Amino acid sequence: MNRFSYKKSGKDIILTCPDFDLDETLDCGQAFRWEKIASNTYRGFALNTPLTISQNENTFTLKDTDEEKFLTVWANYFDLYTDYGEIKRRLSVDKTLASAVSFAGGIRLLRQDKWEALCSFIISQNNNIPRIKGIISRLCEHYGEFPGYLTLSTETTESLGFLRAGFRTKYILDAAYKLSTNELSLEEISKMPLDNAKSALMTIKGVGPKVAHCALLYGMHKTEAFPIDVWISRVMEKYYPDGLPDCTKGIEGIAQQYLFHYIRNLEK
């Protein structure tokens, strides 16, 4: 059963969907190609498909979007077929998660392109969001789109100097090389059990557990993946020293999204 409805309005799609907030979803560190252009409007991309989307409570306007593109690209990207109301009810049996869900109940897990997510989170290492966005913006501007790994596999650290990505450049190139030579396959990795998938990604130079989990969660929708950064480390130390509660099993990554947003804003 769909949790959303939509209608065509001229060249736009009008979407009605609960449990969805643009600020909480597009500006929470899971994607880096969205720009807030007005108080309730974002412009960005799912790989190389552009979109301008605005929100008025539970109603969203997807500008210049036909029905086919909405159903084939955006309904999946925004994870509209998943019942986040049920997920929130399930997580709320835990007191801390209930507070986190109540604080930012409009977060949804974006279903991003596998390569774009991997490349983006390699760039994210020891980096801040404005700088991550700057590197990715220069990358896309140079190629006119987000380049595939085949394109990047022909580059060198010198030819990618314009990125100003520092040590991360050689990691991007190693990932592109391993994928272009079929040493690794993101499609095959996405089908592996979590631990095997993480181990496969960590054969890429510079990819540690956090980046691997981010690539698996945000690019392959492995909802059991659980990236741990300084904020989540604080959550685990303070609230879950014995591990996450049973209500998160299989959706640890979605629980992480709520917890990350909650603790980061709580301690501002």
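Structure: see above.
Caption draft 1: Focus on the pairing of strand S5 (residues 49-56). Both strand S4 (residues 41-46) and S5 contribute to a ladder of 6 bridges, which runs antiparallel. Paired with Arg43 across the two strands is Thr52, which belongs to S5. Here S4 hands over to S5 after 2 residues, with Leu47 in that stretch at a positive phi of 55°. Judged from the 4 bridges that link them, S5 and strand S6 (residues 59-62) form a sheet pairing that is antiparallel.

Caption draft 2: Quick look at the packing of helix H10 (residues 194-201) against helix H11 (residues 209-220). Interaxial distance between H10 and H11 falls to 9 Å at its minimum, and their mutual angle equals 120°. Overall, the two elements H10 and H11 adopt an arrangement that is oblique. In the crossing of H10 with H11, the sense of the turn from one axis to the other is right-handed. Counted together, Leu194, Ala197, Lys198 and Leu201 of H10 and Ala212, His213, Ala215 and Leu216 of H11 form the full contact between these two elements. Taken together, the residues of the contact of H10 with H11 break down into 6 nonpolar, 1 polar and 1 charged.

Caption draft 3: Spotlight on the packing of aromatic side chains. For the coordinates displayed, the defined rule picks out 17 aromatic pairs. Through successive ring pairs, a cluster of aromatic residues spans Phe20, Trp34, Phe60, Trp74, Tyr77 and Phe78. The side chain of Arg108 reaches across the aromatic face of Phe20, ending 5.7 Å from its centre. The side chain of Arg234 reaches across the aromatic face of Trp231, ending 4.5 Å from its centre.

Caption draft 4: Representation of the sheet that holds S5 in the model. As summarised here, the arrangement of the 6 strands in space is S1-S2-S6-S5-S4-S3, forming an open sheet in which the pairing is antiparallel. Since the sheet does not close on itself, it has two edges, and those belong to strand S1 (5-9) and strand S3 (35-38), each with one partner. Across this sheet, the average inter-strand angle for adjacent strands is 25°, counted without regard to direction. Pairing of strand S2 (residues 12-16) with S6 involves 4 bridges; the strand directions are antiparallel. Looking at S6, one finds that Leu15 is bridged to Phe60.

Caption draft 5: Region of interest: unusual backbone geometry. The backbone phi angle of Glu57 is positive, close to 55°, even though this residue is not glycine. By the element assignment, Glu57 lies in the loop between S5 and S6. Since its relative accessible area comes to 68%, Glu57 is described here as exposed. In this structure, His221 takes a positive phi of about 55° despite not being glycine. His221 gets classed as buried once you look at its relative accessible area, which sits at 18%.

Caption draft 6: Region of interest: the pairing of S1. For S1 and S2, the ladder comprises 5 bridges, and the chain directions are antiparallel. Across the sheet, residue Ser9 finds its bridge partner in S2, namely Asp12.

Caption draft 7: Layout of helix H4 (residues 95-103). For H4, the full list of buried residues reads Thr96, Leu97, Ala100 and Val101. Axial view of H4: buried residues confined to an arc of 130°, hence all on one face. H4 presents Lys95 and Ser102 as exposed residues on the side facing more than 90 degrees away from its buried surface. Elements that come into contact with the buried residues of H4 comprise helix H3 (84-91), helix H12 (230-239) and helix H13 (252-266).

Definitions and limits used
Residues numbered from 1 in each chain as written. Predicted model: local features only at pLDDT ≥ 70, side-chain atom pairs only at ≥ 80, totals over all residues. Heavy atoms only, no water. Pairing = 2+ DSSP bridges. Helix = DSSP H or I, 4+ residues; strand = E, 2+ residues; numbered from the N terminus. Axes fitted to C-alpha atoms, helices over the stretch in contact; angles between N-to-C directions. Parallel < 35°, antiparallel > 145°, perpendicular 65-115°, else oblique. Left-handed = near helix turned anticlockwise from the far one by under 90°. Contact = heavy atoms within 4.5 Å. Nonpolar A, V, L, I, M, F, W, Y, C, P; charged D, E, K, R; others polar. Phe/Tyr/Trp six-rings, centres within 6.5 Å; stacked < 30°, edge-to-face > 60°. Lys NZ or Arg CZ within 6 Å of the ring centre and 35° of its normal. Buried < 20%, exposed > 50% of the residue type's maximum accessible area, 1.4 Å probe, protein only. Arc of directions from axis to C-beta.

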